[in-house]
Amino acid sequence: MNRRYEEPPLEEAIFELFVRPAGPWTPTAAEQLAKSLPSYSGKRDDLEDINVLLGIGPGRSIAQGVEPGARRTRLWNLDQSRAVQFGVEMCTFNVRKPYGHFEDHLPAIRELFGAYLSATKPQRLGWVGQRYLNIVQLPVDAPPSNYFELFPRFPTGLPEPHRPFAVQVETARFAQGTTVVNLALLKLGAEAAVYTIDVYARSDDTVPLTVDDLLAWQQRAHESIRQSFELTITAAARRLFKEVPCSCGSHYS
């Protein structure tokens, strides 16, 4: 059964592509790719990962160093509800609220993946992924097990209903991919306990590096993520998200 919610907990959806690069990443490549994506004319961030190195030897103190990592560029649309990121090994399409429907984003994913493959001509696929990050606020006086099917059973000596924890479960396997749900307490306040439901689908390395094949995988992954999310929550959570009786799809559809 497909479901729709008036107040879905979805915070961000991410559609990603990782590759084995054919050559180095240059400022010229970044500029050319940015020009081919005119919808993202808002804020621009030029980012660089930092790698922290630790060396430990017998009878010696810890040696620590820092070296620059991969460079990437992030471009936002004007209202900062959509973004693209790209670098030598990756590109992503990020969707913030308002989410809309999965089908709404297929043209943007196609545009990004097509432009990235054309500009970089990678050697082979690393993986393709799809991630849905949900933020759920629960009443502090309600047991979280009322809302989450995956919530672990704690010993009776731990009476507090909300305590720091994290659980990861593989919930599905599908053609050329698997889906994992990560459930964790994010923070506990005086009025609400905030949890994350992080649902992530990742491919193996057999998906052909063509836009059509990558989009077909994203569609299979989306159905797996939708089912995995529904497996994670209870009827009480659906009432919290204000489920609307409908056969036309979920807030993930």
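Here we summarise the structure given alongside this text. Values in this document were obtained by computation on a predicted structure and should not be read as measured data. (Residues numbered from 1 in each chain as written. Predicted model: local features only at pLDDT ≥ 70, side-chain atom pairs only at ≥ 80, totals over all residues. Heavy atoms only, no water.)

## Structural notes on the overall build of the protein
For the protein, the count of helices and strands is four helices and 11 strands. Accessible surface, the protein as shown: approximately 13,300 Å² in total, 52% of it carbon and sulfur. (Helix = DSSP H or I, 4+ residues; strand = E, 2+ residues; numbered from the N terminus. Areas by Shrake-Rupley, 256 points an atom, 1.4 Å probe, with all protein chains shown as cover.)

## A word on the environment of Leu 117
Considering the arrangement of structural elements, one finds Leu 117 in helix α2 (residues 102–120). A C-alpha to C-alpha distance of 9.9 Å links Leu 117 and Leu 17, two positions 100 residues apart in sequence. In this structure Leu 117 touches Leu 17, Pro 122, Leu 209, Thr 210, Val 211 and Leu 214, once residues within four positions along its chain are discounted. (Contact = heavy atoms within 4.5 Å.)

## Structural notes on the pairing of strand β2 (residues 10–20)
The buried fraction of β2 amounts to eight of the 11 residues, a majority that puts the element mostly inside the structure. Relative to strand β7 (residues 124–139), β2 runs antiparallel, the two being bridged by 10 bridges. From the neighbouring strand, Glu 12 faces β7, where its bridge partner is Leu 133. Pairing analysis gives seven bridges linking β2 to strand β6 (residues 90–96), with the strands arranged antiparallel. Considered in β6, the bridge of Phe 18 is made with Met 90. (Buried < 20%, exposed > 50% of the residue type's maximum accessible area, 1.4 Å probe, protein only. Pairing = 2+ DSSP bridges.)

## A look at the packing of aromatic side chains
All chains considered together, the criterion is met by 12 aromatic pairs. Ring geometry for Phe 15 versus Phe 93: centroids 6.2 Å apart, planes at 25 degrees, classification stacked. Remark: Phe 93 occurs in strand β6 and Phe 15 occurs in strand β2; sequence separation between them is 78 residues. Each ring, one from Phe 15 and one from Phe 102, has its centre 6.1 Å from the other, and the planes form 40 degrees; the classification is tilted. Note that Phe 15 is positioned in strand β2 and Phe 102 in helix α2, a separation of 87 residues in sequence. Each member of the pair Phe 15 and Phe 102 is classed as buried. Taken together through their ring pairs, the aromatic side chains of Phe 15, Phe 93, Tyr 99, Phe 102 and Tyr 132 make up a single cluster. Over the face of the ring belonging to Trp 127 we find Arg 202, whose NZ or CZ atom lies 3.7 Å from the ring centre. (Phe/Tyr/Trp six-rings, centres within 6.5 Å; stacked < 30°, edge-to-face > 60°. Lys NZ or Arg CZ within 6 Å of the ring centre and 35° of its normal.)

## As for α2
Over its 19 residues, α2 extends 26 Å from the first C-alpha to the last, a length consistent with the 27 Å expected when each residue adds 1.5 Å. The largest bend in α2 is about 25 degrees, located at Ala 108. The complete set of buried residues in α2 reads Phe 102, His 105, Leu 106, Ala 108, Ile 109, Leu 112, Phe 113, Ala 115, Tyr 116, Leu 117 and Thr 120. Where α2 is buried, its residues meet β2, α1 (27–35), β5 (82–87), β6, β7 and α3 (211–232). After α2 finishes, the residue Lys 121 shows a positive phi value of roughly 45 degrees. (Expected span 1.5 Å × (residues − 1). Bend = angle between axes of the 7 residues up to and from the residue.)

## Topic: the pattern of salt bridges
Using the criterion set out here, one finds 14 salt bridges in the structure. Measuring nitrogen to oxygen at the nearest pair gives 2.7 Å for the salt bridge that ties Arg 173 to Glu 170. According to the relative accessible area criterion, Glu 170 is partly exposed, its value standing at 42%. (Salt bridge = Lys/Arg side-chain N within 4 Å of Asp/Glu carboxyl O.)

## With respect to the side chain of Arg 3
With respect to the element layout, Arg 3 can be found in the segment before β1 (4–5). The exposure class of Arg 3 is buried, given its relative accessible area of 18%. For Arg 3, the side chain forms a polar contact with the side chain of Glu 243, separated by 2.7 Å. (Polar contact = N/O pair within 3.5 Å; in protein donor to acceptor, adjacent residues only side chain to side chain.)

## Digging into the packing of α2 against α3
For the pair α2 and α3, interaxial distance at closest approach is 10 Å and the crossing angle is 145 degrees. Two packed elements cross with a definite hand, and for α2 against α3 that hand is right-handed. Of the residues in α3, those in contact with Phe 102, Leu 106, Ile 109, Arg 110, Phe 113, Gly 114 and Leu 117 of α2 are Val 211, Asp 212, Leu 214, Leu 215, Gln 218, Gln 219 and His 222. Split by residue class, the contact of α2 with α3 holds eight nonpolar, four polar and two charged. (Axes fitted to C-alpha atoms, helices over the stretch in contact; angles between N-to-C directions. Left-handed = near helix turned anticlockwise from the far one by under 90°. Nonpolar A, V, L, I, M, F, W, Y, C, P; charged D, E, K, R; others polar.)

## Here's the deal with the environment of Glu 48
With respect to the helices, strands and loops of the structure, Glu 48 is situated in strand β3 (residues 44–55). Each C-alpha atom, one on Glu 48 and one on Thr 73, is 8.6 Å from the other, the two residues being 25 residues apart in sequence.

These figures capture arrangement, not role.
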